[in-house]
Amino acid sequence: MGFFDAFRDNGGPTLYGPQYTPVTEDVLVVGLLVGFSLILFSAIVVLPGLLARHSLLVFVKVFLSLYIGAVILVCNYGYGWESGSVHTRTFYKSRNQYEIHADIGLRVGLRGINVTFTGTPTSQWNETINYNERFSWEWNQGRLGFGPYAGRINREFRAAQYRGLPLPILSIVEYFTLDGEKIRWGRGYREAGYYTHIMMWSVITVIIVT
């Protein structure tokens, strides 16, 4: 066995086992915060070169502008508008008669929902039960059903079914795909998110202009 033959079969390329690690942080929100922090740091570095009487005023203006901009963008792209969680005993997958103890969380944003599903303990039935799934409804309602012309969240829900996601996640998301018989939660959240999103970008424009 040669030095570069590790993890290779029959001389083929190196193969590694899958690593199913759930996302624990919102990369986009973290990127926005880092970007605004870098701009603020750059402004602080430049401030000593200004006159003392102007430094404080400039710092206050820059800080307030960056703070308001960061809050607006994080609220626009984040998933913290409404949230809830519960510890329960539930079925893990369909056609499985066994129940597990788990923590289920739901976070609603302007652009979609984020569902977490964590077993207690995490390892049960020879599996690691730790899911963090996001479903978006940007922005068209689409046709009824789950076809190619349906809304985005309906199409993502159908894709999640094909992937075999746990039953509790699918059950939660299904409520947001219904659009009839006075059950139109998804439509209500989508429209509220759409118009709020427009107003927030309008505020960003006003801040830049002024």
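These numbers come from a predicted model, not from an experiment. (Residues numbered from 1 in each chain as written. Predicted model: local features only at pLDDT ≥ 70, side-chain atom pairs only at ≥ 80, totals over all residues. Heavy atoms only, no water.)

### Brief notes about the packing of aromatic side chains
One pass over the full model with this rule turns up eight aromatic pairs. With a centroid separation of 6.2 Å and an interplanar angle of 20°, the aromatic rings of Trp 137 and Tyr 189 are classed as stacked. Taken as a pair, Trp 137 in the loop between β4 (127–136) and α3 (152–163) and Tyr 189 in helix α5 (residues 185–209) lie far apart in primary sequence, 52 residues in all. The exposure class of Trp 137 is buried, given its relative accessible area of 2%. Aromatic side chains Phe 176 and Tyr 189 sit 5.8 Å apart centroid to centroid with 45° between the ring planes, which places their arrangement in the tilted category. In this pair, Phe 176 is assigned in helix α4 (residues 167–177) and Tyr 189 in helix α5, connecting sequence segments 13 residues apart. A relative accessible area of 8% means that Phe 176 is categorised as buried. Site record: aromatic cluster; members linked through ring pairs are Tyr 92, Phe 117 and Tyr 131. For the cation-ring pair, Arg 111 lies above Tyr 77, with the distance from its terminal atom to the ring centre recorded as 4.1 Å. (Phe/Tyr/Trp six-rings, centres within 6.5 Å; stacked < 30°, edge-to-face > 60°. Helix = DSSP H or I, 4+ residues; strand = E, 2+ residues; numbered from the N terminus. Buried < 20%, exposed > 50% of the residue type's maximum accessible area, 1.4 Å probe, protein only. Lys NZ or Arg CZ within 6 Å of the ring centre and 35° of its normal.)

### Quick word on a nonpolar patch on the surface
Residues Ile 44, Leu 56, Phe 59, Val 60, Phe 63, Leu 64, Tyr 67, Ile 68 and Val 71 make up a contiguous nonpolar surface patch of roughly 790 Å² in combined accessible area. Mapped onto the elements of the fold, Phe 63 is located in helix α2 (residues 52–77). With a relative accessible area of 36%, Phe 63 lands in the partly exposed category. (Patch = residues over 30% accessible without salt bridge, like charges linked within 9 Å, V, L, I, M, F, W, Y side chains within 5 Å. Areas by Shrake-Rupley, 256 points an atom, 1.4 Å probe, with all protein chains shown as cover. Salt bridge = Lys/Arg side-chain N within 4 Å of Asp/Glu carboxyl O.)

### Quick word on the sheet that holds strand β2 (residues 99–108)
One open sheet holds the four strands; their spatial order is β1-β2-β3-β4, and the pairing between them is antiparallel. On the outer flanks of this sheet lie β1 (82–91) and β4, each paired with one strand and no other. This sheet shows a mean twist of 15° between the axes of neighbouring strands, independent of strand direction. Pairing of β1 with β2 involves ten bridges; the strand directions are antiparallel. Its bridge partner lying in β2, His 87 is registered against Asp 103. (Pairing = 2+ DSSP bridges. Axes fitted to C-alpha atoms, helices over the stretch in contact; angles between N-to-C directions.)

### Here we look at α3
Given a rise of 1.5 Å per residue, twelve residues ought to cover 16 Å, and the 16 Å separating the end C-alpha atoms of α3 matches this to within 8%. Turning to α3, its buried residues number three or more, namely Ile 153, Asn 154, Phe 157 and Ala 160. The arc enclosing the buried residues of α3, seen along the axis, measures out at 120°, which places them on a common side. Exposed residues pointing more than 90 degrees away from the buried face of α3 are listed as Tyr 162 and Arg 163. Looking at the buried residues of α3, the elements they touch are β4 and α4. A positive phi of about 80° marks Gly 164, the residue just after α3. (Expected span 1.5 Å × (residues − 1). Arc of directions from axis to C-beta. Contact = heavy atoms within 4.5 Å.)

### Digging into the nonpolar core
Grouped together as the largest cluster of nonpolar side chains are 22 residues, with contacts concentrated most on Ile 113, Phe 117, Phe 135, Ile 169 and Val 173. When contributions to this core are tallied by element, the ones reaching two or more residues are β2, β3 (112–124), β4, α3 and α4. At five residues, the largest contribution of residues to this core is made by α4. Those residues in contact with Ile 169, other than ones at most four positions away along the chain, are Val 115, Phe 117, Tyr 131, Glu 133 and Phe 135. Ranked by size, the runner-up nonpolar core spans nine residues in total, among them Leu 66, Leu 73, Leu 110 and Ile 204. (Core = buried A, V, L, I, M, F, W, Y, C linked by side-chain atoms within 4.5 Å.)

### Points about the packing of α3 against α4
Between α3 and α4, the shortest axis-to-axis distance is 9 Å and the interhelical angle comes to 155°. Considered as vectors, α3 and α4 are oriented roughly antiparallel to each other. Judged by the twist between their axes, the crossing of α3 over α4 is left-handed. In contact with Ile 153, Asn 154, Phe 157, Ala 160 and Gln 161 of α3, α4 contributes Leu 170, Val 173, Glu 174, Phe 176 and Thr 177. For the contact of α3 with α4, a count of residues per class yields six nonpolar, three polar and one charged. (Parallel < 35°, antiparallel > 145°, perpendicular 65-115°, else oblique. Left-handed = near helix turned anticlockwise from the far one by under 90°. Nonpolar A, V, L, I, M, F, W, Y, C, P; charged D, E, K, R; others polar.)

None of this, on its own, says anything about what the molecule does.
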